[in-house]
Amino acid sequence: MTKQLFNRKILVKQDDGRQFIDVVENETHLSWTSTVDETLQQRNVDAVITRLADGVFNLNWLGLRGAMSETMDFNRHTLVGVRFDSEKGPQRFTGSVQLLNDDGTPDLSPFTNCQVVLAFWNAFFNRHDVSAVTQYVAPEFIQHNPSIADGAEAFTHYYRVLFGSSRQFARVETDGCQCSRPG
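In this text, all values refer to a predicted model and were calculated from it rather than measured experimentally. Position numbers for residues start from 1 in each chain and track the written sequence from start to end. pLDDT decides what is reported in this predicted model: residues at 70 or higher carry local features, side-chain atom pairs at 80 or more are listed and counted, and totals for whole chains, interfaces and linings draw on all residues regardless. Think of the side-chain values as coming from all heavy atoms in the structure, minus any hydrogens and water.

Student: When you look at the side chain of Asp73 in this model, what are you seeing that I'm missing?
Tutor: Relative to the elements of secondary structure, Asp73 occurs in strand β6 (residues 66–73). At 2.9 Å, the side chain of Asp73 and the backbone nitrogen of Asn75 are in polar contact. Only DSSP runs of H or I covering at least 4 residues are called helices, and only runs of E covering at least 2 are called strands; the numbering of each starts at the N terminus. Polar contacts, as used here, are pairs of N or O atoms within 3.5 Å; protein pairs need one atom able to donate a hydrogen and one able to accept it. Residues neighboring in sequence count only if both atoms are side-chain atoms.

Student: Where do I start with helix α3 (residues 152–159) in this structure?
Tutor: Helical geometry note: an α-helix holds 3.6 residues per turn, so side chains three or four residues apart project in the same direction. Listed in full, the buried residues belonging to α3 are Ala152, Phe155, Thr156 and Tyr159. End-on, the buried residues of α3 take up no more than an arc of 95°, which puts them together on one face. With respect to the buried face of α3, the exposed residues turned more than 90 degrees away are Glu153 and His157. Only heavy atoms matter for contacts: two residues are in contact if any of them lie within 4.5 Å across the pair. Against α1 (113–126) and α2 (131–136) lie the buried residues of α3. A 1.4 Å probe rolled over the protein chains alone gives each residue an accessible area, and that area as a share of the maximum for its type sets the label: buried under 20%, exposed over 50%, partly exposed in between. The reported arc concerns the directions from the helix axis to the C-beta atoms and nothing else.

Student: Looking at this structure, how should I read the confidence of the model for the chain?
Tutor: For residues with low pLDDT, the predicted coordinates do not support detailed interpretation. pLDDT is a per-residue confidence score from the predictor, ranging from 0 to 100. When pLDDT is averaged across the chain, the result is 86; 88% of the residues are at 70 or more. Within the chain, no element has a lower average pLDDT than strand β10 (residues 177–180), which sits at 56, and none a higher one than strand β1 (residues 9–14), at 96.

Student: What is the right way to look at the pairing of strand β8 (residues 89–100) in this model?
Tutor: Both faces of the sheet carry side chains from a regular strand, because those side chains alternate between them. Strands are labelled as partners when DSSP assigns at least two bridges between them. Across 6 bridges, β1 lies against β8 in antiparallel orientation. Within β8, the residue paired with Val12 across the bridge is Val97. Two strands pair when backbone bridges link them, and strand β7 (residues 78–85) and β8 are joined in this way by 8 bridges, in the antiparallel orientation. Within the sheet, the bridge partner assigned to Arg83 lies in β8 and is Gln91. Linkage of β7 to β8, two consecutive antiparallel strands, is achieved through a turn of 3 residues.

Pasting the structure below:
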């Protein structure tokens, strides 16, 4: 589902120094503006935008000098792509991506399933913030451990005993995609 990207500002930094603000308007349209030279931009350009995995999207469109294809991985905050320049031929590029708030600051709220799992784990198990259960766990949560009753309240009661220790994820996998522990 690409709807989670609609009308979100994305800071795109290519390793060659190019930097853009992309906005995915819907499943078939994209706008972008260079942060270095605002005269370099395209508005409401036809595009093919595909969700490849949790937090991983492929964007394809006809750019100012030729076809563009880039894959944005919001779990790893990475960018890989190829620019099919009509004069220079295909040029590969890499870089980073970051969602932005409306005011241009980095949006650090969980965006992908991996990031939601990490945010919950760190809040509940590492910071001992019981309110994380209300924020991230459905009241009718079905527990797959037969020793624990169903529901968010039973989850809280059972796992609260682990608050004396700290446990860290090294890696989370969801939907065939991996993301690393932040920091």
